[in-house]
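Take a look at the letters that make up each chain.
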Amino acid sequence: MKHHLTRQLMALSLLSSASTVAATPQFPEYSMVLVGGGLHTCSSQGRASCQDNPQFPAEAKTTEHYAISVPRIIEIVQSPVWPASRVEQRQQTQAILSQLLLDFGPAGMSEDELLQRWRVTKVTQQDQTISGETLYQQLSELELNLILDLLQQLKTDAKQQRQREVASLAQTKDKFSVEVYEKISELAAKVRQKPGKPLILVVTASSRDPLSAVDFYLSAFGQTGADVQWLPLNAAYQAAQQQKTAGKASCQQLSQYLADIHGSYGRAKVYPDLMQQLTEFCQQGPAHAVAQIQQADAIFFNGGDQSLTLQALRLADGSPSPELQAITARMQAGKLIVAGTSAGTAVQSGGNLGIPFARQQVPMISNGSSRQALQTGAVAAAAPLAGCEKNHSCPAALAEDQLTYRAQGGLGLFPFGVMDTHFSERGREARLVRLLSDTQTRYGFGVDEATALLVGFDPAQPTNARFGVIGAAGVYIADLASAKATGSGANWQINQVRTHYLSREDKASLQNAELSVQFADWKKPVGTDAIVGTQANVGTQANVDTQASKTEQRVKPDSVSGDFLADDNYRQLALELCRSGQAQAHGQSAVAQVQLHRGKDSKAAAGTFTAADQAVNYCSYQNFYLQIKR
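Residues numbered from 1 in each chain as written. Predicted model: local features only at pLDDT ≥ 70, side-chain atom pairs only at ≥ 80, totals over all residues. Heavy atoms only, no water.

**Q** I tried to follow the overall build of the chain on my own but got confused; where do I start?
**A** Helix and strand counts for the chain come out as 18 helices and 30 strands. Looking at the 630 residues of the chain, the share that counts as buried comes to 58%. When contacts within the chain are restricted to residue pairs at least 6 apart in sequence, those whose partners lie at least 24 apart make up 73%. Put simply, the chain shows about 25700 Å² of open surface, and 48% of that area lies on carbon and sulfur atoms. (Helix = DSSP H or I, 4+ residues; strand = E, 2+ residues; numbered from the N terminus. Buried < 20%, exposed > 50% of the residue type's maximum accessible area, 1.4 Å probe, protein only. Contact = heavy atoms within 4.5 Å. Areas by Shrake-Rupley, 256 points an atom, 1.4 Å probe, with all protein chains shown as cover.)

In structure tokens:
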């Protein structure tokens, strides 16, 4: 059966903006919208996600603006960001920037132009040639951010107003991404307790630069029929509240806190209005922030670094801030929708259900690749800084892509398991399973890009939950209740991991710690009778016919191939097993082997969904068993 997403989106948009008289709200079917990141949204600065020939207002911001000057060069090279061990890179940076100033003057340029010119520049000093390309490759992410931030300029329009990025949901190619924005607004409208449009608060605390994404999200959510406001909660704000001067929050130090905690520099000159708004918000204090939260119908957390969001909402001793307490209370009362994307989803993990196999705190994942996870396991430590291997600043014994986690969890709004994002696209299945095993956590949920896990609560039974899936792809669920792990470090192995993959419009429920799954009614069961005993392999050329209506499938010669830890190869392997009805599938990598097999309780269903005249094939499965061995 084919379903048409565009028609659904039109109806949903009307629902979001229609009536100004709110009905008496009931406890919502879903209280959370947890997105896996990768929302491909058309904007004046992101035209690759737009339909052909997108149109924006003349004053819309189209690119960032950079300019080199002597004062900026001095500020960069005198920054404490450069440790003593990086004197050579600091001096070379001064030489390259000085040469660029001589060659191109103080005229403005885009980021692409700046970096292209940097990388082709060569400077000779004292018989030594400094290569811009070599230096660029040596710079850590922290150092490069410092340079770009301090060279960035304020862009103004003809009226001398700061230019703003403008989003356009109507011109976005990916209608699944649009659907996610619209769903958040729809749910917010359902919980609203007064007349008028739903109010959505946007929190950009996950960003390294928490000011840069404000315009985009205000514009995007504003097109869903909602009122939208920026809630300037971030780690710098919380630091100012906790580090008082003469009994008052140290809001005059916000720029320094942004530099020290976020790694964001010189923001006041690029976003003067937003910096002023942040300062005033800081001066008004937590009581004002709580009052805003109590008026909201939804709150949205952006992507970036979940550890930064955690610092915005938990105090130094780990206790919840007044703002987090208000968010928790309103969500649990059915009055607030909590949504997040990427890091804004991962940070929701935490809490303690007090049920078998989940008596300890649910941890929050903070970093790591599947490959490194299989080699060294999970470490309860702060995530290493990106690029730390370049400037030799990684913590002792930790690789840059080390699997790390916070044992006490994140915000604790999602207590049912570990949340992970950008999931299938980045091959994160192995890292999630390793974290669950090492921390003795039963459930893990991995959300794909441009996809959302909808989460509903039962106020009478807080350990129970219901789930739904919308968007482009699916949600991977790992259940380690019956899993058996042996060894440690690079010798760790595991088998009997129960895995599920829910895709569009599937539903699931968690009752008494047990998960049940219901596939969408337009997906047809995939049988196994005709082909039990066959297998698919990653690394060989095997594939299957994707038409689930056939009871017998044939093997195609154009299989997914390569390392099962790379890209979305694991998902492709699992989907081959799902669509074909085969008994088992195998994958390989340099560090481990993986086997997926069906059990007597395994089920699969597949179907086609049409979105904006593009047919998308889905296959969902329940109880596929995973083994990782060496």
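**Q** What is the right way to read helix H3 (residues 87–104) from this model?
**A** Because the α-helix completes a turn every 3.6 residues, residues three or four places apart line up on one side. A rise of 1.5 Å per residue sets the reference length of H3, with its 18 residues, at 26 Å; its end C-alpha atoms lie 26 Å apart and thus fit the reference within 8%. Taken residue by residue, H3 has Gln89, Gln92, Thr93, Ala95, Ile96, Leu97, Leu100 and Leu101 as its buried positions. Buried residues in H3 make contact with helix H2 (70–77), helix H4 (111–120), strand E3 (122–125), strand E4 (128–131), helix H5 (132–138) and helix H6 (141–151). Where H3 terminates, the next one or two residues include Gly105, which has phi positive at roughly 70°. (Expected span 1.5 Å × (residues − 1).)

**Q** Would you mind going over the packing of aromatic side chains with me for this structure?
**A** For the structure on display, the rule yields 20 aromatic pairs. An angle of 40° between the planes, with centres 6.3 Å apart, marks the rings of Tyr443 and Phe445 as tilted. Across the pair, exposure class does not vary: Tyr443 and Phe445 are buried alike. An aromatic cluster is present here, built from Phe414, Phe416, Tyr443, Phe445, Phe457 and Phe467 joined pairwise through their rings. Stacked on the ring of Phe609, the Lys or Arg Arg504 has its end atom at 4.2 Å from the ring centre. (Phe/Tyr/Trp six-rings, centres within 6.5 Å; stacked < 30°, edge-to-face > 60°. Lys NZ or Arg CZ within 6 Å of the ring centre and 35° of its normal.)

**Q** Hey, could you run me through the side chain of Thr172 in this one?
**A** Relative to the assigned elements, Thr172 resides in the loop between strand E5 (152–153) and helix H7 (175–191). When its relative accessible area of 1% is taken as the criterion, Thr172 is described as buried. A polar contact of 3.0 Å, which involves the side chain of Thr172, links it to the backbone nitrogen of Cys42. The residues touching Thr172, leaving out its near neighbours within four places in the chain, are His40, Thr41, Cys42, Ser49, Gln51 and Val178. (Polar contact = N/O pair within 3.5 Å; in protein donor to acceptor, adjacent residues only side chain to side chain.)

**Q** Is there a simple way to think about the nonpolar core in this case?
**A** Burial of nonpolar side chains together is a common tendency in soluble globular proteins. Counting residues in each nonpolar core, the largest one holds 67 residues, and the members touching the most others are Phe414 and Phe467. At eight residues, the largest contribution of residues to this core is made by helix H12 (residues 272–295). The residues touching Phe467, leaving out its near neighbours within four places in the chain, are Tyr30, Phe414, Phe416, Phe445, Leu453, Leu454, Val455, Asp506, Lys507, Ala508, Leu510 and Leu515. One finds Leu436, Val497, Leu565 and Tyr621 within the second-largest nonpolar core, a separate group that totals 43 residues. (Core = buried A, V, L, I, M, F, W, Y, C linked by side-chain atoms within 4.5 Å.)

**Q** Got a minute to help me understand unusual backbone geometry in this structure?
**A** Peptide bonds are trans in most cases, and residues, glycine excluded, mostly fall at negative phi. Look at Ser342: it is not a glycine, yet its phi comes out positive at around 55°. For Ser342, the position within the fold is in the loop between strand E11 (337–341) and helix H15 (343–346). Of note in this structure, His392 is not a glycine but carries a positive phi near 60°. Examined against the element boundaries, His392 turns out to sit in the loop between strand E13 (378–380) and strand E14 (403–406). Residue His392 is classed as exposed on the basis of its relative accessible area of 71%.

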